[in-house]
Amino acid sequence: MATEAPLELVDSLARLALFADLSRPQLERVAHTFDEAVFPDGQRILRQGFQGTGFYVILDGEVAIRVDGEDRARLGRGDFFGEVSILLGEPPVADVVALGPLRCLQLGGSEVERFLLDHPPVMYRMLQAQARRLRNANRWRG
Amino acid sequence: MATGRTARAELLRRVPLFHGISERALDSLVDLVTEVEFPSGRYLAQQGQVGSGLFVVIEGRVRVTRGDQTLAHLGPGEFVGELSLLDGSPRMAHVVAEEPTRVLALGTGDLLDLVEREPSIALAMLRTLAGRLRDATDPERG
C-alpha cells in the first residue's frame, strides 16, 4: 500500500465518521498530528497485558479484537482502538491483530488527551461509538 | 414544585456516566436538564423511538417493558436511557409512568452542545465508558 499524499489523506479523513464534523483546516491539522502506520497481516498492534503504545484509526484493512486467544470483534475502516488503555492508563485488555495488510493513523498515548480536548466533535463521535460497543459487550455476557 | 439545583445535581450524580465529571461540569449539566411531569399511564419513551435520551426519576414510578415483558420498575433516583443519550440508537424498551411521575430529562442534542462548550465533560465520560468497556471485556474484573 502506498502512502497517500497529504491532500488525498485529508480527503480520506473527511470520509471517516470519527472526523466527519471537522472543518477542512482541522482535518489538515489531524493529518499532520497523526502518523501513518502500516502493518503486515498477522501483526499484533496492541498486546493484551502489555503497556499500550497509542491510539489508532483504521484507514484501510481490518483487525481482530482478541481476548485470551478468542476473537471478540472485528474493526474496519473508520473504526478506532487503543483509547481504552490510554484513557485508563492501563495495559490493553485485548490483543489487536491485523487481518491482512493494515493502514492506520497513529497518535502517541501522551498526546491523545490534548488532541481530544482540542476536538470536542471527535470526542462526541467516540462517545457514541463507545456506547454502541458497550451495548454489544454486554450482549456477549448475556 | 420544581426541584432545586442541589437536588438535581444529586440526582444526576447517581448516573454512572457522570461519575467522573467535575462539580463545575455537573453545574452546567443541571442547567441543561428539563423537568417533565407525566400523568399515570403516559409513555415517556417508546420502543424503537430515536434520540429521546436520559430520564432520571425525581418522584413517582415508571415501568420499563419490552413486548409483554416487564424489565424493571424505577423509582426516585433511578434512571433509564443512559446509553441512548450517547448513541441515539432506537429505544430498546417502552418506558411508561405507573403513577404521576416527575423526571429530569436530558436529550441527545443537549449533550452535544455541552460537549462543545465543556470538552472536559466529554473526556470524563469517555474515561468512565472506557472503564466499563474494560470491565465488560475482562472477565476477571467484570
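Throughout, residues of each chain are indexed from 1 in the direction in which the sequence is written. Written order determines the labels here, with chains lettered from A and ligands numbered from 1. Local features in this predicted model are restricted to residues whose pLDDT is 70 or higher, and side-chain atom pairs enter the listing and the counts only when it is 80 or higher, whereas totals over whole chains, interfaces and linings include all residues. The side-chain quantities take in all heavy atoms of the structure and omit both hydrogens and water.

Trainee: Please clarify how the side chain of Arg103(A) should be interpreted in this entry.
Mentor: We count a stretch as a helix when DSSP gives it H or I for four or more residues in a row; a strand needs E for two or more, and each element gets its number in order from the N terminus. Checked against the element boundaries, Arg103(A) lands in strand S6 (residues 95-108). Residues adjacent in sequence count toward polar contacts only when both atoms are side-chain atoms; beyond that, a polar contact is any pair of N or O atoms within 3.5 Å, and within protein one must be able to donate a hydrogen and the other to accept it. Only 2.7 Å separates the side chain of Arg103(A) from the side chain of Asp60(A), close enough to count as a polar contact.

Trainee: Would you explain helix H5 (residues 119-137) of chain B in this entry?
Mentor: Note on helix geometry: an α-helix contains 3.6 residues per turn, so any two residues three or four positions apart are oriented the same way. Relative to the 27 Å expected for 19 residues at 1.5 Å per residue, H5(B) spans 27 Å between its end C-alpha atoms, a close match to the ideal helical length. The cut-offs for exposure are 20% and 50% of the maximum accessible area for each residue type, with area from a 1.4 Å probe on protein chains only; residues under the lower value are buried, those over the upper are exposed, and the others partly exposed. In terms of burial, H5(B) is a largely internal element, 15 of the 19 residues being buried. Given a helix with a known number of residues, its expected span is that number minus one, times 1.5 Å.

Trainee: Can you walk me through the interface of chain B and chain A in this structure?
Mentor: Many structure descriptions define interface size as the accessible area lost when the parts assemble. If you look at the interface, chain B gives 31 residues, while chain A gives 27 residues. We define buried area as the total accessible area lost by two parts upon association, computed with a 1.4 Å probe and summed across both. Interface area lost by chain B to chain A is led by Leu126(B), Leu133(B) and Thr137(B), which between them contribute 22%. Linking chain B with chain A are five residue pairs in polar contact (both at pLDDT 80 or more). Elements supplying a minimum of two residues to the side of chain B that touches chain A: helix H3 (82-87), helix H4 (108-117) and H5 of chain B. In this description, contact between two residues means that some pair of their heavy atoms is separated by no more than 4.5 Å.

Trainee: Is there a simple way to explain the packing of helix H1 (residues 6-14) of chain A against helix H2 (residues 24-33) of chain A in this structure?
Mentor: Each pair of packed helices can be described by the angle between their axes along with the distance between the axes. Residues and elements named next belong to chain A. Remark: H1 packs on H2, axes separated minimally by 9 Å, with the N-to-C direction vectors making an angle of 115 degrees. Classified by the angle their axes make, H1 and H2 are roughly perpendicular. Crossing of H1 over H2 shows right-handed handedness. The segment H1 lies against H2, with Leu7, Leu9, Val10, Asp11, Leu13 and Ala14 engaging Arg24, Leu27, Glu28, Val30 and Ala31. An axis is simply a line fitted to the C-alpha atoms; with a helix, the fit covers only the stretch in contact. Between two such axes, the angle follows the N-to-C directions and lies from 0 to 180 degrees. In these notes the angle categories are as follows: under 35 degrees is roughly parallel, over 145 is roughly antiparallel, 65 to 115 is roughly perpendicular, and the rest is oblique. Take the far helix as your reference; a near helix turned counterclockwise from it by less than a right angle gives a left-handed crossing, and one turned clockwise gives a right-handed crossing.

Trainee: Even after reading the chapter, I still don't get the pattern of salt bridges, so can you show me in this structure?
Mentor: Residue and element names in this part refer to chain A. A carboxyl oxygen of Asp or Glu within 4 Å of a side-chain nitrogen of Lys or Arg is what we treat as a salt bridge. Applying the stated rule across the entire model yields 24 salt bridges over all chains. Among the ionic pairs, Arg103 bridges to Asp60, the shortest N-O distance being 2.7 Å. One end of the pair, Arg103, is in strand S6; the other, Asp60, is in strand S3 (residues 54-67), with 43 residues separating them in the sequence. The class of Asp60 is partly exposed, set by a relative accessible area of 28%.

Read these as geometric descriptors, not functional statements.
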